[in-house]
Amino acid sequence: MQPDQILKEIAQQVSECKRCPLHYSRKKAVPGEGPAQAEIMMIGEGPGFYENEQGRPFVGAAGKFLDELLEKCGIARKDVFITNVVKCRPPGNRDPQPEELEACNAYLERQIEAINPKVIVTLGRFSMAKFLPGVKISEVHGQSFWRNGRLIVPMFHPAAALHQPSLKASVERDFARLSEYVQSARQRLQAAEKPVAVEEKTGETPAKDQPTQLSLF
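Criteria and cut-off values
Residues numbered from 1 in each chain as written. Predicted model: local features only at pLDDT ≥ 70, side-chain atom pairs only at ≥ 80, totals over all residues. Heavy atoms only, no water. 1 Å grid on protein atoms, 1.4 Å probe; cavity = no way out; pocket = protein on both sides within 12 Å on 5 of 7 lines; lining within 4 Å. Points joined across faces, edges and corners; volume = space filled by probe spheres on them. Helix = DSSP H or I, 4+ residues; strand = E, 2+ residues; numbered from the N terminus. Nonpolar A, V, L, I, M, F, W, Y, C, P; charged D, E, K, R; others polar. Polar contact = N/O pair within 3.5 Å; in protein donor to acceptor, adjacent residues only side chain to side chain. Core = buried A, V, L, I, M, F, W, Y, C linked by side-chain atoms within 4.5 Å. Buried < 20%, exposed > 50% of the residue type's maximum accessible area, 1.4 Å probe, protein only. Contact = heavy atoms within 4.5 Å. Pairing = 2+ DSSP bridges. Axes fitted to C-alpha atoms, helices over the stretch in contact; angles between N-to-C directions.

Participant: Summarise the layout of surface pockets; cite the residues concerned and give the values.
Facilitator: The method is simple in principle: a probe with the dimensions of a water molecule rolls over the atoms, and the space it marks as empty is what remains. Approximately 750 Å³ is the volume found for the largest pocket. Glu45, Asn93, His157, Ala159 and His163 are the residues nearest the centre of the largest pocket, which is lined by 30 residues in total. Of all elements in the fold, only helix H2 (49-54), helix H3 (61-72), helix H5 (125-131) and helix H7 (158-163) reach the threshold of two or more residues within the lining of the largest pocket. The class makeup of the residues in the lining of the largest pocket is 15 nonpolar, 10 polar and 5 charged. Its boundaries defined by the atoms lining it, the second largest pocket holds a volume of some 180 Å³.

As structure tokens, then:
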């Protein structure tokens, strides 16, 4: 099955999901959106009011701010896959509960596997904790970490900058480096794919760990 087909299948399953109590209060599930070949995957926390109404991620005030941040760093939103750690809105926009995170984790893992992004940007502490458990976002935001062959970049959630204006400058600085992180990931992954050149030498005894062919006669 092709990546885009897998994502459509996941979206259908999410829309019918009853793995946790969040399905009781949802209007529309929000599986995520973006191209199956996206180099960048952004993972937020959970849908809000407007996301619950429209079934799309980041369409409220935080989404508009996210669009502005992406535009400033020269990245089109249509080229980014955007989703959340939970696919249905927690009542009153409360924090996701452990059982809700667990219920949605399989969907998120399948999305990551299908898209195979070079860079994962976590937006907020709950998505960050999936990849970088036990750290504080105030201490690591805007830094990069390699995990399982992907560059993980934790950032503050755009909504945090709207609620705490003092964080806005930090969010803008972190996003300004996003293209730099993508380029760095491309270079490292390309280097890893290149075959290692073996220098041929003559007149030397084969090393002990190299197999030698035995004569049959």
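Moving on, there is more to tell.
Participant: Explain the environment of lysine 78 residue by residue, including any values.
Facilitator: Note that lysine 78 resides in the loop between H3 and strand E2 (80-84). Within the structure, lysine 78 has its side chain in polar contact with the side chain of aspartate 79 (distance 3.3 Å).

Participant: Explain the nonpolar core to me, using residue names and the numbers behind them.
Facilitator: One finds Ile40, Met41, Met42, Ile43, Val121, Phe175 and Leu178 to be the most contacted residues of the largest nonpolar core, which totals 55 residues. With 6 residues, helix H4 (residues 98-115) is the largest single contributor of residues to this core. Those residues in contact with isoleucine 43, other than ones at most four positions away along the chain, are Thr83, Asn84, Val85, Leu108, Ile112, Ile120, Val121, Thr122, Leu123, Ser127 and Phe131.

Participant: Can you break down the sheet that holds strand E5 (residues 150-155) residue by residue, with the values?
Facilitator: The mixed open sheet is built from 5 strands, whose spatial order is E2-E1-E3-E5-E4. Pairing within the sheet leaves two strands with one partner each, and these edge strands are E2 and strand E4 (145-147). The average undirected angle you get between the axes of adjacent strands in this sheet is 25°. As paired strands, strand E1 (residues 40-44) and strand E3 (residues 119-123) are joined by 4 bridges and run parallel to one another. Among the inter-strand pairings, isoleucine 40 is bridged to a residue of E3, identified as valine 119. Of the strands in this sheet, E1, E3, E4 and E5 touch helix H9 (residues 178-193), which is tilted by about 145° from E3.

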